[in-house]
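# Descriptive analysis of the structure
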Amino acid sequence: MPSPPSLPPQTYRYRLAPGDRLVTSVFKIDGYEAQVQVLSDGTINLPRLGTVDVWGLTLEEARQRITDGYSQFLRRPLVYLDLVEQRPVRITVTGQVLRPGVFTLPVNGSGSAGGSGTLTGVGSDGGGWPTMIDVIQKAGGISASGDLARLELLRPSPSPGGPTQSFVFDYLNVLKNGGFAPNPLIYDGDSIRVHKATTPINVDLLTTAASNFAPSAINVQVVGEVVSPGVVQVGSNAPLSRAILASGGVTRRGSSKRVDLIRMDGQGRTTVKQLRYDPNAVLSSVNNPPLRNGDVVVVDRNNFTKVTDTMADAMLPLEPIVDAASVFRLLGMPTGVGSSSRNR
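Analysis parameters
- Residues numbered from 1 in each chain as written.
- Predicted model: local features only at pLDDT ≥ 70, side-chain atom pairs only at ≥ 80, totals over all residues.
- Heavy atoms only, no water.
- Helix = DSSP H or I, 4+ residues; strand = E, 2+ residues; numbered from the N terminus.
- Contact = heavy atoms within 4.5 Å.
- Pairing = 2+ DSSP bridges.
- Salt bridge = Lys/Arg side-chain N within 4 Å of Asp/Glu carboxyl O.
- Buried < 20%, exposed > 50% of the residue type's maximum accessible area, 1.4 Å probe, protein only.
- Axes fitted to C-alpha atoms, helices over the stretch in contact; angles between N-to-C directions.
- Patch = residues over 30% accessible without salt bridge, like charges linked within 9 Å, V, L, I, M, F, W, Y side chains within 5 Å.
- Areas by Shrake-Rupley, 256 points an atom, 1.4 Å probe, with all protein chains shown as cover.

## What to know about the side chain of Ser143
Counting through the fold element by element, Ser143 comes out in the loop between α2 (132-138) and β10 (146-155). What Ser143 contacts, discounting residues up to four positions off in sequence, is Gln96, Val97 and Leu98.

Below, the structure is given as C-alpha cells:
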C-alpha cells in the first residue's frame, strides 16, 4: 500500500501581529499591569516604558524585549506576558475551488498559541484553530477539476526574508486506499493552492465528490423542454440525469435524442457536447457524465414538435389577414354593425 501523505517535522511558533491582545505585568511590582492590543504598526504601549515593537516576535521574544526595556530602571524584573485574544486567521485560497479568494476565519480561544504547535495537528477543536479542510470548505469546496492528490500548503518562512515553505498532501490516495490523512492547522498568512487534475478519471471524480473536501451542492441551469426550467441544486459531481430529473423531467415536447451540455472552463472557453439522454444510463457513462458547477443543460424539442412549431410559425404572418373581418373587406362586404350604419 502506498505510504500516506506526511509532513516533515516542523514546529510552529505563534508570532504577534496587529490585532492580538496581550496582558503584561511585573512580578511583585504594582503599576506595571496592562492589557494592550497590538496596533496596526505592530507596537504596544506599556506603562513607564512607552512604545515597544512586537510585530513578528514570538511571545518569548516579546517578553524578553519588554524585560530588557524595564531592566533600564528596574532591578532584575520578572515580566509576565500572556496572549488573551488572538487575531483572526487571514488566508488565501487559489486554484480549483468554487470561491477562490482571501478569507478571514475566527480563532476560538487562545489555546496553545503562545507555545509551539506541530504542523500536523488534527481538527479545529484543538485550541480552536482552523484546519485545511475548514478553509477549503470556506472557499466553497474543491471543484470537479481539482486534484485531491495535490493540495499544497504554502507557509511564510519563520525567519524574516527566508524562503516560503511548501507542503503537498495526497488525500486522494488515502481516501481510495485507507491510511492516515493529516489535517494541518492553518495560521495567519498561510496560503492553500488546489491544483488542477491533469487526466481525471471517473472513479477519482466520484471519490472527490463523496469527500468532505467537495461542496455539498452545485448549481446547474436546465433549460428547454423540461417541466420546470431554471437553476437547480444537485450534489457535487451529480450526473446529468439527476439535474434533468430535478427539473421535473423531459416534457412531451422534449427529445431524449438531443441534450446539449454547455460548459465554460476557467479561461472562459465554452464547449458544447451533444448527448443522448437516458435516465437509466450508468452513472458517469458517456451520456450521463458528472456535472460541474455552472453547467448549462439544454433539452431540445423532438422532431414532431419541431414540425408543428415550424408550421405554426409559418402561419403567424397570415393571422392578421386571414380572419373574418379581413375576408369581408377583401370581398367588399360589410364587416359589422359599423359598416351597416354607414350603408344606411
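## A word on the pairing of strand β15 (residues 254-264)
Where β15 lies against strand β17 (residues 296-301), 5 bridges are found, and the strand directions are antiparallel. Note on β17: the bridge partner recorded for Asp260 is Val298.

## What about the pattern of salt bridges?
Evaluation of the coordinates by the stated rule reveals 12 salt bridges. Across the salt bridge formed by Asp204 and Lys176, the nearest N and O atoms sit 3.0 Å from each other. Of this pair, Asp204 sits in helix α4 (residues 202-209) while Lys176 sits in helix α3 (residues 171-177); the two residues are 28 residues apart in sequence, bridging distant segments of the chain. A relative accessible area of 17% means that Asp204 is categorised as buried. One continuous salt-bridge network, built from bridges that share partners, spans Asp20, Arg87 and Asp188.

## Some words on the environment of Val23
Note that Val23 resides in strand β2 (residues 21-26). Residues Val23 and Asp82, spaced 59 residues apart in sequence, show a C-alpha to C-alpha distance of 5.3 Å. Setting aside residues up to four positions removed in sequence, Val23 forms contacts with Ala34, Gln35, Tyr80, Leu81, Asp82 and Val84.

## A few points about the sheet that holds β10
Two modes of strand pairing occur in sheets, parallel and antiparallel, and in both the strands are linked by backbone hydrogen bonds. The strand order across the open sheet built from 5 strands is β8-β7-β12-β10-β11, with neighbouring strands paired in mixed fashion. Two strands close off the open sheet at either side, each with one partner strand: β8 (101-105) and β11 (165-169). Averaged over all pairs of adjacent strands, the angle between strand axes in this sheet comes to 25°, irrespective of strand direction. Across 5 bridges, the pairing between β10 and β11 is antiparallel. Pairing of Leu151 across the sheet is with Phe169, part of β11.

## Description of the sheet that holds strand β16 (residues 270-275)
With mixed pairing, 5 strands are arranged side by side in an open sheet as β14-β13-β17-β15-β16. Of all strands in the sheet, those with a lone pairing partner are β14 (230-234) and β16, marking the two edges. Geometrically, the sheet is characterised by an average inter-axis angle of 25° between neighbouring strands, direction not taken into account. Where strand β13 (residues 218-224) lies against β17, 4 bridges are found, and the strand directions are parallel. Bridge pairing links Val222 to Val297 in β17.

## Here we look at a nonpolar patch on the surface
A grouping of Phe27, Leu78 and Tyr80 is seen on the molecular surface, where their side chains present a nonpolar patch of about 280 Å² in accessible area. Residue Tyr80 is classed as partly exposed on the basis of its relative accessible area of 38%.

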